[in-house]
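# A look at the structure
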Amino acid sequence: MTALESFDNAERAAVILMLMDDAEAAKLLGSLEPDELQRVGEQMIALGDVDPVRIAGAIEGFVKLADDSTLPAHDRPRQVRQRMTQALGEIKADSIMQRIVPEGPAPSLELARWLAPGVLLPLVEGEHPQAIAVLLLLLDAEPAAELLSLLPPSLQPDLVERIARMRQVSGHAMDMLEDVLSQRIAHRFGKAALSMGGAREAAELINMAARPVSGVVMPAITQKDADLARAIEAEMFTFEMLFTLEPMEMGKLLREVENEVLVDALKGLPDNEREPFFAAMSSRAADGVKDEIEERGRLKKSEVIAAQDAVVKIARKLADDGEISLGGDDGEFV
């Protein structure tokens, strides 16, 4: 049940779950992601009476979906381990997984997957093209493409050709790449831990979590370390903070936001909260956006939040560049 991408699929899932007994339904619900659980739960509540026609339609829809779908292999070991753990417990599951899953990437290769392309670049500069090609294959597509673009143009065709011709990578080649990365990481960073975490990462984690998390976490941290709490608060940029921007700063922000994204971001707001955005526009532009909001069809809450997050990301960049101000000097929100 991985294809809960639309209202129809969520409704079908709700019908199927209501047909199951409690134990089986609980097992199935336990395999869903949080956003899927919310969407299916909402549909289960909203179902009302379900006649035989709707039941048959739900079953038929899932049969058709199974015919048209594939089970993705991405992250399969983690999925299998999770199910093994639920079935057998942590110790037995770990023992079984050690028997059936090949050893994962060596430490430096695994670490390389977490490094930004700009950090990886000096680690592979001057290295044999075959080693770089193997590394590019180990990275996710987006960072691999960015790293490729940062490498010398004269080297790029050779790398792409090697990747296209590559069918298998020997264990010896993997060991050589691991040795190279280990030496260069040690040379660049020494024995000190890499710079990870910090107030911004903590703030982003809180912002992405459900709203009650902030109400629980921040008072507890404030009680232990008020300075740390203020540092985190200074990084917790939310969409609501944009309401306090001065018209000139809001204008700078709006010039960087695509109109369609802005319309989606404002769609779920009451009129009084839209006003700071309209105040920074000309009357004609504001009227145009208002008309587009009215004409826009119904949006899922997740679509509105995604648009608002996109606006906040732009605001964050402008704040980092000193173009706008989202927080006070003392770290408290203003």
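Shown above is the structure to which this text applies.
These remarks concern the structure in this document. (Residues numbered from 1 in each chain as written. Predicted model: local features only at pLDDT ≥ 70, side-chain atom pairs only at ≥ 80, totals over all residues. Heavy atoms only, no water.)

### Re the pattern of salt bridges
We apply this condition: A pairing counts as a salt bridge when a side-chain nitrogen of Lys or Arg comes within 4 Å of a carboxyl oxygen of Asp or Glu. The way it works is that DSSP assigns letters per residue, a run of H or I at least four long becomes a helix, a run of E at least two long becomes a strand, and they are numbered from the N terminus. Relative accessibility under 20% of the residue-type maximum defines a buried residue, over 50% an exposed one, and the middle range a partly exposed one, all with a 1.4 Å probe and only protein chains included.
This model, assessed by the stated rule, comprises 5 salt bridges. A salt bridge links Arg-162 to Asp-158, with the nearest nitrogen and oxygen atoms 3.1 Å apart. Of this pair, Arg-162 and Asp-158 are both found in helix 11 (residues 156-165), 4 residues apart, which corresponds to roughly one turn of the helix. Judged by its relative accessible area of 26%, Arg-162 is partly exposed. Assessed through its relative accessible area of 26%, Asp-158 is described here as partly exposed. Residue Asp-271 pairs with Arg-274 through a salt bridge whose shortest N-O separation is 3.4 Å. Of this pair, Asp-271 and Arg-274 are both found in helix 18 (residues 271-279), 3 residues apart, which corresponds to roughly one turn of the helix.

### Digging into helix 8 (residues 117-124)
Looking at helix 8, one finds that the buried residues are Pro-117, Leu-120, Leu-121, Leu-123 and Val-124. Positive phi shows up at Gly-126, right after helix 8, with a value of about 80°.

### Remarks on the packing of aromatic side chains
Put simply, the rule is: Aromatic rings from Phe, Tyr and Trp, with only the six-membered ring used for Trp, were paired whenever their centres fell within 6.5 Å, and each pair was classed as stacked if the ring planes differed by under 30 degrees, edge-to-face if by over 60, and tilted otherwise.
Taken as a whole and judged by the stated rule, the model has 3 aromatic pairs. Considering the side-chain rings of Phe-239 and Phe-243, the 6.0 Å spacing of their centres and the 90° angle between planes classify their relative orientation as edge-to-face. Between the aromatic rings of Phe-243 and Phe-277, the centroid separation amounts to 6.2 Å while the plane-to-plane angle is 80°, which identifies the pairing as edge-to-face. Within this pair, whereas Phe-243 is found in the loop between helix 15 (226-235) and helix 16 (247-256), its partner Phe-277 is found in helix 18, the two being separated by 34 residues in sequence.

### As for the nonpolar core
Put simply, the test is: Nine residue types can take part in a nonpolar core, namely buried Ala, Val, Leu, Ile, Met, Phe, Trp, Tyr and Cys, and a core is a set of them joined through side-chain atoms within 4.5 Å. Contact criterion: two residues are considered in contact whenever any of their non-hydrogen atoms come within 4.5 Å of each other.
Phe-239, Leu-242, Leu-253, Leu-266 and Phe-277 are the most contacted members of the largest nonpolar core, which has 27 residues in total. Those elements that provide at least two residues to this core are helix 16, helix 17 (259-267), helix 18, helix 19 (283-295) and helix 20 (301-320). In terms of residue count, the dominant contributor to this core is helix 20 (5 residues). Beyond its immediate chain neighbours, meaning those up to four positions away, Leu-253 contacts Leu-242, Leu-245, Val-311, Ile-314, Ala-315 and Leu-318. Among the nonpolar cores identified, the runner-up in size contains 22 residues, and Leu-115, Leu-121, Val-134 and Leu-159 belong to it.

### Quick look at the side chain of Glu-249
Our working definition: The positive count covers Lys and Arg only, the negative count covers Asp and Glu only, and His and the chain ends enter neither.
Mapped onto the elements, Glu-249 comes out in helix 16. Despite its burial, Glu-249 pairs with no opposite charge; the closest candidate is Lys-252, at 6.4 Å N-O. Not counting chain neighbours up to four residues away, the residues in contact with Glu-249 comprise Glu-323, Ile-324 and Ser-325.

### Looking at the side chain of Asp-264
Relative to the elements of secondary structure, Asp-264 occurs in helix 17. Not counting chain neighbours up to four residues away, the residues in contact with Asp-264 comprise Arg-296, Leu-299, Val-304 and Ala-307.

### A word on the packing of helix 9 (residues 129-138) against helix 11
Put simply, the rule is: To get an axis, fit a line to the C-alpha atoms, keeping to the stretch in contact for a helix; angles then go from 0 to 180 degrees between the N-to-C directions. Should the near helix be turned anticlockwise from the far one by less than a right angle, the crossing is termed left-handed; should it be turned clockwise, right-handed. Residues are grouped as follows: Ala, Val, Leu, Ile, Met, Phe, Trp, Tyr, Cys and Pro are nonpolar; Asp, Glu, Lys and Arg are charged; all remaining types, including Gly, are polar.
Packing of helix 9 against helix 11 brings their axes to within 9 Å, and their N-to-C directions diverge by 65°. The two elements helix 9 and helix 11 cross, and the hand of that crossing is right-handed. Two secondary-structure elements touch here, helix 9 through Pro-129, Gln-130, Ile-132, Ala-133, Leu-136 and Leu-137 and helix 11 through Asp-158, Leu-159, Arg-162 and Ile-163. Partitioning the contact of helix 9 with helix 11 into residue classes produces 7 nonpolar, 1 polar and 2 charged.

### Considering the environment of Phe-239
With respect to the helices and strands, Phe-239 occurs in the loop between helix 15 and helix 16. As a C-alpha pair, Phe-239 and Ile-305 span 66 residues in sequence and 9.2 Å in three-dimensional space. Sequence-distant contacts of Phe-239, defined by excluding residues within four places in its chain, comprise Ala-265, Leu-266, Leu-269, Phe-277, Gln-308, Val-311 and Val-312.

### Examining the environment of Ala-131
Relative to the helices and strands, Ala-131 is located in helix 9. Overall, the relative accessible area of 16% leaves Ala-131 in the buried class. Between the C-alpha atoms of Ala-131 and Glu-178, which are 47 residues apart in sequence, the distance is 9.5 Å.

### As for the environment of Pro-219
Its place among the elements puts Pro-219 in helix 14 (residues 211-224). On the basis of relative accessibility, which here comes to 46%, the residue Pro-219 falls in the partly exposed class. Along the backbone, Pro-219 and Ala-229 are 10 residues apart, and their C-alpha atoms lie at a distance of 8.3 Å.

### So, a negative patch on the surface
Put simply, the rule is: Two joining distances apply to patches: 9 Å for like charges and 5 Å for nonpolar side chains (Val, Leu, Ile, Met, Phe, Trp, Tyr), and every residue must have over 30% relative accessible area and no salt bridge. For the area figures, the Shrake-Rupley method with a 1.4 Å probe applies, and any residue is considered shielded solely by the protein chains shown. To locate a charge, take NZ of a lysine, CZ of an arginine, CG of an aspartate or CD of a glutamate.
A contiguous patch of negative charge, built from Glu-258, Glu-260, Asp-287, Asp-291, Glu-292, Glu-294 and Glu-295, is present on the exposed surface. Within the fold, Glu-292 resides in helix 19.

### Some remarks on helix 20
Quick note on the threshold: Given the number of residues in a helix, its expected span is that number minus one, multiplied by 1.5 Å.
Look at helix 20: 28 Å from first C-alpha to last across 20 residues, which is about the 28 Å you get at 1.5 Å a residue. Residue Gly-322 follows helix 20 closely and has a positive phi angle near 80°.

### A short note on the packing of helix 17 against helix 20
Definition in use: Angular relationships are summarised with four words: roughly parallel below 35 degrees, roughly antiparallel beyond 145, roughly perpendicular across 65 to 115, and oblique for the angles in between.
Running from N to C, helix 17 and helix 20 cross one another at 120°; their axes reach a closest spacing of 8 Å. Here helix 20 runs oblique to helix 17, going by the angle between their axes. In the crossing of helix 17 with helix 20, the sense of the turn from one axis to the other is left-handed. On the side of helix 17, the interface is formed by Val-261, Asp-264 and Ala-265, while helix 20 contributes Val-304, Ala-307, Gln-308, Ala-310 and Val-311. When its residues are assigned to classes, the contact of helix 17 with helix 20 shows 6 nonpolar, 1 polar and 1 charged.

By themselves, these are just geometric observations and shouldn't be taken as functional.
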